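# Observations on chain architecture
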There are 2 protein chains.
Amino acid sequence: MNRPRFRCISDTCGKEFSIDEKLFRCSACSDLLDIAYAFDDLDPGDLRRVFRSRRGSVEPLDGSGVWRYRELLPFASGDERWIVTMGEGNNPVVDARQSARYVGLKNLRVKHLGWNPSGSFKDYGMTVAISQARKLGSRVVCCASTGNTSASMAAYCARTEDVRAVVFIPEGQIAYGKLSQTLDYGAQTIQVRGDFDAAMELVQDLSNTTDLYLMNSINPFRLEGQKTVMIDLFDQLDWKVPDRIVVPGGNLGNSSSYGKALMELKRLGFIEKVPRLTVIQASGANPLYRTLVSSSRELVPVDNAWTLASAIKIGRPISWKKAVRALNFSDGWCDEVSEQEIADAKAILGRDGIGCEPASATTVAGLKKLIEGDRKNVRIDAEEDV
Amino acid sequence: MNRPRFRCISDTCGKEFSIDEKLFRCSACSDLLDIAYAFDDLDPGDLRRVFRSRRGSVEPLDGSGVWRYRELLPFASGDERWIVTMGEGNNPVVDARQSARYVGLKNLRVKHLGWNPSGSFKDYGMTVAISQARKLGSRVVCCASTGNTSASMAAYCARTEDVRAVVFIPEGQIAYGKLSQTLDYGAQTIQVRGDFDAAMELVQDLSNTTDLYLMNSINPFRLEGQKTVMIDLFDQLDWKVPDRIVVPGGNLGNSSSYGKALMELKRLGFIEKVPRLTVIQASGANPLYRTLVSSSRELVPVDNAWTLASAIKIGRPISWKKAVRALNFSDGWCDEVSEQEIADAKAILGRDGIGCEPASATTVAGLKKLIEGDRKNVRIDAEEDV
């Protein structure tokens, strides 16, 4: 296989760079970067069997719900010694019967990504990004965070014993449980006068001008790890792909990475049908929704974004172009829901025995809205909410 | 196989009862009950292979880290329709290098039971107890709890849709995060004027005089589920059994169930060597330690038990006799650690990227004490801390 490369996602640029550079945006046009693979000789049938058989292995890389799928993350091939894994992933898919009734569906299944080492889906991406940080020789990594990213980054750094974590927190805008975790794992935390978007801008500047390595989801290696959520899900479903996959939309790393997974899985012949990716935002922090309904070619940002769902209280989502690409590719959808709709949906998910953040409950709220709006037009059998 | 039976654990009584009765203590002598099996035709080699192969299955019972080992929980055989599972268990075993150095060991591995549907090890036992509750036709289940038990019971009840959960909370003595979870999952909560031991006495009375089904660990079905922590651990270690297994000691359900697992696995030929079970208590809530050091044949309770490790702040542990049996069988050990030792150990575990309750950190604190006290006498290669 040709060496994996960074590739600028801009149609008009598409420039490529070595992944051994410390790079977070295209040096030519400043657009976002993908990790691009040639993937020349993969047999989907064989690999599906390999993936499945690794579930029964006691090797740490096989036991990880991320590295089990390493043939689809081939940038790390030969560099396994840098990998830091805590057995992340492996989150079961469970029925959500009360939520199904609530939204008006017969079948609704939830892949709960909270049952992870640091308590959130961020661990899927962090195990990959920290491994790349080590490979590049980074000694200090950083992120801007309202909670989950900081806890996850701090946990993985702790396990390296030689990479330090520095977290930039929007003033007073971090979930306290997450802050305690971050401190428990030994990260240095710096409070920034400003909101998440301001903290994000600051860490991008710092990572460009200093040795700090950036661990937010603008880092394409984070998204490579998160890609495996889709691969793991389809494996769990015996590769019977659902009609629709519903995710919350904040900084849009999830939708971006799931979109990349769908594109690669389709291209490689792992799946025929592409599930429709559906992104739900809080109406107080709905830049992607605003961008799409106004058919704008530039992001329509939200100043002073606000929602109780603090994990998605983001007005300038860094990965918005990749999210748009994912929705285009999968014939997807984006909608917004109110604070009341989020709170109601969270209560219903609780009644299914599924404890989640308000941000995650946007999915059930959005699905209800989607089905009520389109009852006569849309037939939906199975949904996935992550 | 003969039908599984309740059997009184008293050597002088040993009376048996049908497991179709709603029973929590021996009707003859009031002692604790085991679920006793005949296990007449199990082949350990075959079953090890079956267990391993189920890791690669997408069937819900195979995916559960509890029900995967159902041949060793044969009371449920033929009654699978009552089972409520959320894919619990499956917690990885990770190295804890900084903790190892801290306690003075070369190898220390941690099986972190927090990465579970309701966030604690209680889910291992709850999936079993709720299934038995349903089989018996119970409509309302109850427990006394300082946090983890209530959250777990409430989550599993929510998934039944036909069994209601009632939680009795010691006045002001529940962890608030756990209380929020319990309410989120729709349980009714009742605050009791008194501590955990008072609440425990109350729910025992209620379950004897009303239709309420008791879900605390005096319920032997809870311990059957928790048994699988050991089976899963040994499977993960390719049946290379560690020298020592260290657990926190509160109500002593863990040590009791792990002890039963060790007895059964040894008897059935799954293991030759029996790891030494080591129970660590907080010095302000150390009834088992007091009982053992005074060689008392009756429990030496602790009135007004107190420790910051709220999950083990228990002065009259209900399963103490089973814990003593487990320590005797495994040539085990019990010790106490101070609040400062617990806090220090928790900080070190955090530096390993392992977030845990103070109660769980007693294990590392106890291990340090054990090794420092016995450096010349004890050789310990690998430890498990759950």
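Owing to the predicted nature of the structure, the values given are computational and were not obtained by experimental measurement.

## Concerning the interface of chain A and chain B
- At the interface, 35 residues of chain A touch 35 residues of chain B.
- Between chain A and chain B we count six salt bridges in total.
- Between Lys346 of chain A and Asp184 of chain B there is a salt bridge; the shortest N-O distance is 3.3 Å.
- Where chain A meets chain B, there are 16 residue pairs in polar contact (both at pLDDT 80 or more).
- Residue assignment for the side of chain A that touches chain B shows that the elements contributing at least two residues are strand S4 (93-95), helix H3 (97-103), helix H5 (148-160), helix H6 (176-184), helix H8 (220-236) and helix H12 (339-351) of chain A.

## Considering the relation of the copies chain A and chain B
- Least-squares fitting of chain A to chain B yields an RMSD of 0.0 Å, with the superposition described by an axial translation of 0.0 Å and a rotation of 180 degrees. Between the two chains, the operation in question is that of a two-fold axis.

## A few points about the packing of aromatic side chains
All names here are of chain A.
- Enumeration over the complete set of coordinates arrives at 16 aromatic pairs over all chains.
- Ring geometry for Phe51 against Tyr69: centres 4.9 Å apart, planes inclined by 80 degrees, an arrangement best described as edge-to-face. Linking Phe51 in helix H1 (residues 44-54) with Tyr69 in the loop between helix H2 (60-63) and S4, this pair joins segments that are 18 residues apart in sequence.
- Residue classification places Phe51 among the buried positions, given a relative accessible area of 0%.

## Notes on the sheet that holds strand S3 (residues 33-36) of chain A
Residue and element names in this part refer to chain A.
- Across the sheet, three strands lie side by side as S2-S1-S3; this open sheet has antiparallel pairing. Each edge of the sheet is formed by a strand with only one pairing partner; in this case those strands are strand S2 (16-18) and S3. Ignoring which end each strand starts from, the neighbouring axes of this sheet average 35 degrees apart.
- The strands touched by H8 within the sheet are strand S1 (5-8) and S3, with S3 carrying the most contacts at an inclination of about 55 degrees.

## As for the pairing of strand S8 (residues 188-192) of chain B
Residues and elements named next belong to chain B.
- Taken together, the five bridges between strand S7 (residues 164-170) and S8 define a ladder with parallel strand orientation. Residue pairing in the sheet places Ile169 in a bridge with Gln191 of S8.
- Each parallel crossover has a hand, and for S7 linked through helix H6 (residues 176-184) to S8 it is right-handed.

## Points about the pairing of strand S11 (residues 276-282) of chain A
Residue and element names in this part refer to chain A.
- Among the seven residues of S11, six are classified as buried, and the element is accordingly described as predominantly covered.
- Here strand S10 (residues 244-248) runs beside S11; their pairing, made up of five bridges, is parallel. The residue of S11 that forms the bridge with Pro248 is Ile280.

## Overview of H6 of chain A
- For H6 of chain A, the full list of buried residues reads Lys178, Leu179, Gln181, Thr182 and Asp184 of chain A.
- Among the structural elements, H5, strand S7 (164-170) and strand S8 (188-192) of chain A together with helix H12 (339-351) of chain B are those in contact with the buried residues of H6 of chain A.
- Taken from the residues just after H6 of chain A, Gly186 of chain A is the one with a positive phi, measuring 90 degrees.

## Digging into the environment of Asp46 of chain B
- In this fold, Asp46 of chain B is placed in helix H1 (residues 44-54).
- Reaching out from Asp46 of chain B, the side chain makes a polar contact with the side chain of Arg49 of chain B at a distance of 2.9 Å.

## Some words on the packing of H8 of chain A against helix H9 (residues 253-267) of chain A
Residue and element names in this part refer to chain A.
- Orientation of H8 relative to H9, taken along the N-to-C sense of each, is 60 degrees, at an axis distance of 8 Å. Put simply, H8 runs oblique to H9. As for the relative orientation of H8 and H9, their crossing is right-handed in sense. Within the contact between the two elements, H8 uses Leu223, Glu224, Gln226, Lys227, Val229, Met230, Ile231 and Phe234 and H9 uses Gly253, Asn254, Ser256, Ser257, Tyr258, Lys260, Ala261, Leu262, Glu264 and Leu265.
- Class assignment for the residues of the contact of H8 with H9 results in nine nonpolar, five polar and four charged.

## Section: the packing of H12 of chain A against helix H13 (residues 358-373) of chain A
Residue and element names in this part refer to chain A.
- In contact at an axis separation of 7 Å, H12 and H13 are set at 100 degrees when each is read in the N-to-C sense. Accordingly, the angle class assigned to the pair H12 and H13 is roughly perpendicular. Contact residues: Glu341, Ile342, Ala345, Lys346 and Leu349 in H12; Pro358, Ala361, Thr362, Val364, Ala365 and Lys369 in H13.
- Residue classes in the contact of H12 with H13 are distributed as seven nonpolar, one polar and three charged.

## Structural notes on the sheet that holds strand S9 (residues 213-214) of chain A
All names here are of chain A.
- Spatial strand order, S8-S7-S6-S9: four strands in an open sheet with parallel pairing. What marks the edges here is a single partner per strand, and that holds for S8 and S9.
- Alignment of strand S6 (residues 140-144) against S9, held across two bridges, turns out to be parallel. Within S9, the position partnered with Cys142 by the bridge is Leu214.

## Let's talk about the side chain of Asn251 of chain A
All names here are of chain A.
- One can find Asn251 in the loop between S10 and H9.
- By relative accessible area, Asn251 is classed as buried at 11%.
- In this structure, Asn251 is in contact with Phe196, Met200, Ser217, Ile314, Arg316, Pro317, Ile318 and Ser319, ignoring residues within four places of it in sequence.

## Thoughts on the confidence of the model for chain A
- In the predicted model, chain A carries a mean pLDDT of 93, and 96% of its residues have values of at least 70.
- Counting contacts from residues 376-386 of chain A, a segment whose pLDDT is below 50, to residues more than four positions away or on other chains yields 45 contacts.

## A word on unusual backbone geometry
- Positive phi, close to 50 degrees, is recorded for Ser295 of chain A, a residue that is not glycine.
- Among the secondary structure elements, Ser295 of chain A is positioned in the loop between helix H10 (287-293) and helix H11 (320-329).
- Phi angles above zero are rare outside glycine, and Glu161 of chain B is one such case at about 70 degrees.
- Note on placement: Glu161 of chain B falls in the loop between helix H5 (148-160) and S7.
- Owing to a relative accessible area of 34%, Glu161 of chain B belongs among the partly exposed residues under this scheme.

## A closer look at H12 of chain A
All names here are of chain A.
- Over its 13 residues, H12 runs 19 Å from end to end, which matches the ideal 18 Å to within 8%, given 1.5 Å per residue.
- Of the positions making up H12, those classed as buried are Ile342, Ala345, Leu349 and Gly350. Down the axis of H12, the smallest arc covering the buried residues is 145 degrees, so these residues share one side.

## Observations regarding the state of the cysteines
Residues and elements named next belong to chain A.
- Applying the stated criterion to the full structure yields zero disulfides over all chains.
- The structure places no disulfide on Cys29, whose sulfur is separated from the nearest cysteine sulfur, that of Cys8, by 3.4 Å.
- For Cys29, a relative accessible area of 34% corresponds to the partly exposed category.
- Not engaged in a disulfide, the cysteine Cys142 finds its nearest cysteine sulfur in Cys143; these two sulfurs lie 7.1 Å apart.

Thresholds, definitions, all that
Residues numbered from 1 in each chain as written. Chains lettered and ligands numbered in written order. Predicted model: local features only at pLDDT ≥ 70, side-chain atom pairs only at ≥ 80, totals over all residues. Heavy atoms only, no water. Contact = heavy atoms within 4.5 Å. Salt bridge = Lys/Arg side-chain N within 4 Å of Asp/Glu carboxyl O. Polar contact = N/O pair within 3.5 Å; in protein donor to acceptor, adjacent residues only side chain to side chain. Helix = DSSP H or I, 4+ residues; strand = E, 2+ residues; numbered from the N terminus. Least-squares fit on C-alpha atoms with pLDDT ≥ 70 in both. Phe/Tyr/Trp six-rings, centres within 6.5 Å; stacked < 30°, edge-to-face > 60°. Buried < 20%, exposed > 50% of the residue type's maximum accessible area, 1.4 Å probe, protein only. Pairing = 2+ DSSP bridges. Axes fitted to C-alpha atoms, helices over the stretch in contact; angles between N-to-C directions. Right-handed = clockwise from strand over helix to strand, strands pointing away. Parallel < 35°, antiparallel > 145°, perpendicular 65-115°, else oblique. Left-handed = near helix turned anticlockwise from the far one by under 90°. Nonpolar A, V, L, I, M, F, W, Y, C, P; charged D, E, K, R; others polar. pLDDT = per-residue confidence, 0-100. Expected span 1.5 Å × (residues − 1). Arc of directions from axis to C-beta. Disulfide = S-S within 2.5 Å.

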